[in-house]
Amino acid sequence: MRGDSSGMRVWGRRNSSNVAKVLWTLDELGLAHERIDLGGPFGGNDDPAYRALNPNGRIPTLQDGDLVLWESNAIVRYLAARHGAGGLWPAEPGPRALSDRWMDWVSINLVPPFLAYRRLLDQPEAARDAAAFAREEATVLHLFAIVEAALQPGPFILGERLTIGDIVLGPPVHRFLKGGGAGRDWPRLAACHAALRERSAFRAHVAAAL
Ligand SMILES: N[C@@H](CCC(=O)N[C@@H](CS)C(=O)NCC(=O)O)C(=O)O
């Protein structure tokens with residue numbers, strides 16, 4: 001399970017947004033790695049050898065030599081700090097914090113209501129709890145409006161350069177627009193999405209997987 005110390009390993013199925021963030025980051029940084037399918041239909045979450053690496057039994061997990069790391073945002077920060085200084089990882093603390101804050105915001109503020117909204121959206125309209133759907137949709141509209149306003153001047157969250165904040169915003173922006181953007185126009189989200197889709201690493205690990 002631990003492998004050798006020469007290359008990086010990632011455990012996790014490709015169609016998990018938390019795994020996608022890590023694979024996208026590795027690819028943006030040009031870092032070779034081996035990926036092992038785990039989780040969802042592949043199972044393995046409760047294997048003792050995997051639990052020894054990640055006691056949560058969740059994905060992703062990264063191994064880089066002797067370092068074993070779980071929590072996707074911590075993995076993205078680690079890779080960016082180590083290999084993307086001045087690029088994905090802004091050198092100055094101020095700009096870095098302005099990008100980094102979206103990592104917390106996405107996990108805490110956006111993901112829980114967005115998951116609830118998508119679950120309801122996937123249900124046939126006749127079977128759906130209309131009041132719950134209206135409530136979740138209003139929350140999600142409010143949250144994406146915050147992102148829309150922040151993408152100024154764009155196309156990325158700090159402007160011209162892709163940084164860590166975009167890595168966490170990319171998957172939900174992609175899923176939201178792919179799902180129709182709740183029938184509204186989102187010019188800055190759309191411009192951001194177009195700029196992301198110009199990147200082969202985003203196309204391979206987010207657009208093709210989620
Ligand atoms: N906060 C954790 C969440 C990890 C998590 O819940 N991952 C999900 C996939 S997105 C998972 O492991 N689900 C069980 C599975 O896929 O088998 C992280 O960001 O790494």
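As the structure is a prediction and not an experimental result, all values here were calculated from the model.

Asks: Explanation requested: the overall build of the protein chain in the structure shown.
Replies: Each helix and strand in the protein chain was counted, giving 8 helices and 4 strands. Each helix (α) and strand (β) of the protein chain, taken in turn from the N terminus, gives the series β-α-β-α-β-β-α-α-α-α-α-α. Over its C-alpha atoms the protein chain spans a radius of gyration of 18 Å, differing by no more than 12% from the 17 Å that the globule rule assigns to 210 residues. By principal-axis analysis of the C-alpha atoms, the protein chain measures approximately 50 × 40 × 25 Å. Every one of the 210 residues in the protein chain was classed for burial, and the buried ones make up 45%. By sequence separation, contacts in the protein chain at least 24 residues apart represent 67% of the contacts at least 6 residues apart. For the protein chain, the accessible area works out to roughly 10,100 Å², and carbon and sulfur atoms hold 51% of it.

Asks: I would appreciate a short explanation of the environment of Asp47 in the present structure.
Replies: Looking at the secondary structure, you find Asp47 in the loop between β2 (33-36) and α2 (48-53). The partly exposed category is assigned to Asp47, whose relative accessible area is 39%. Put simply, Asp47 and Asn18 are 29 residues apart on the chain and 20 Å apart in space, counted from C-alpha to C-alpha.

Asks: What's the story with the pairing of strand β3 (residues 61-64) in this structure? I'm lost.
Replies: On any regular strand, side chains alternate: one points to one face of the sheet, the next to the other face. Burial along β3 is two-sided: the face carrying Thr61 and Gln63 and the face carrying Leu62 and Asp64 are both buried. Note that strand β1 (residues 8-11) and β3 share 4 bridges and pair antiparallel. Looking at the pairing, Trp11 lines up with Thr61 of β3. Taking the residues between adjacent antiparallel strands as the criterion, β3 and strand β4 (residues 67-70) are bridged by 2 residues, where Gly65 takes a positive phi near 65°.

Asks: Is there a simple way to explain the nonpolar core in this structure?
Replies: The tendency in soluble globular proteins is for nonpolar side chains to be buried as a group. Membership of the largest hydrophobic core comes to 58 residues, with the highest contact counts inside it found for Trp24, Leu26, Leu79, Trp105, Phe144, Phe176 and Leu189. Per-element tally for this core: the top contributor is helix α4 (residues 93-121), with 8 residues. Residues from two domains meet in this core; each of domain 1 (8-83) and domain 2 (93-207) gives at least three. Not counting chain neighbours up to four residues away, the residues in contact with Leu189 comprise Phe144, Val147, Glu148, Leu151, Val173, Phe176 and Leu177.

Asks: Whenever I open this one, the confidence of the model for the protein chain confuses me. Can you help?
Replies: Close inspection of predicted coordinates is inappropriate for parts of the model with low pLDDT. Averaged over every residue, the pLDDT of the protein chain is 96; residues scoring 70 or more account for 97%. Here residues 1-5 scores under 50 on pLDDT; set against residues more than four positions off or in separate chains, the count is 15 contacts.

Asks: Quick question: what am I supposed to make of the domain arrangement of the protein chain here?
Replies: Interface size is often expressed as the accessible area that is lost when the parts come together. By the assigned domains, the protein chain splits into domain 1 (8-83) and domain 2 (93-207). Just the C-alpha atoms count here: the centres of domain 1 and domain 2 sit 22 Å apart. Each partner contributes to the interface: domain 1 provides 14 residues, whereas domain 2 provides 19 residues. Across the domain 1/domain 2 interface, buried area totals approximately 1,400 Å², and carbon plus sulfur atoms make up 62% of it. Area buried by domain 1 at its contact with domain 2 is led by Trp24, Glu28 and Arg77, which between them contribute 45% of it. Applying the counting rule to domain 1 against domain 2 returns 3 salt bridges. A salt bridge links Arg199 to Glu28; its shortest N-O distance comes to 2.9 Å. Every element with two or more residues in the side of domain 1 that touches domain 2 is listed here: α1 (17-28) and α3 (72-83). With 8 residues, α1 is the single largest residue contributor to the side of domain 1 that touches domain 2. Residue classes in the side of domain 1 that touches domain 2 are distributed as 5 nonpolar, 4 polar and 5 charged.

The rules behind these values
- Residues numbered from 1 in each chain as written.
- Predicted model: local features only at pLDDT ≥ 70, side-chain atom pairs only at ≥ 80, totals over all residues.
- Heavy atoms only, no water.
- Helix = DSSP H or I, 4+ residues; strand = E, 2+ residues; numbered from the N terminus.
- Rg over C-alpha atoms; globule rule 2.2 N^0.38 Å.
- Buried < 20%, exposed > 50% of the residue type's maximum accessible area, 1.4 Å probe, protein only.
- Contact = heavy atoms within 4.5 Å.
- Areas by Shrake-Rupley, 256 points an atom, 1.4 Å probe, with all protein chains shown as cover.
- Pairing = 2+ DSSP bridges.
- Core = buried A, V, L, I, M, F, W, Y, C linked by side-chain atoms within 4.5 Å.
- Domains from an automatic or database assignment.
- pLDDT = per-residue confidence, 0-100.
- Buried area = accessible area lost by both parts, 1.4 Å probe.
- Salt bridge = Lys/Arg side-chain N within 4 Å of Asp/Glu carboxyl O.
- Nonpolar A, V, L, I, M, F, W, Y, C, P; charged D, E, K, R; others polar.

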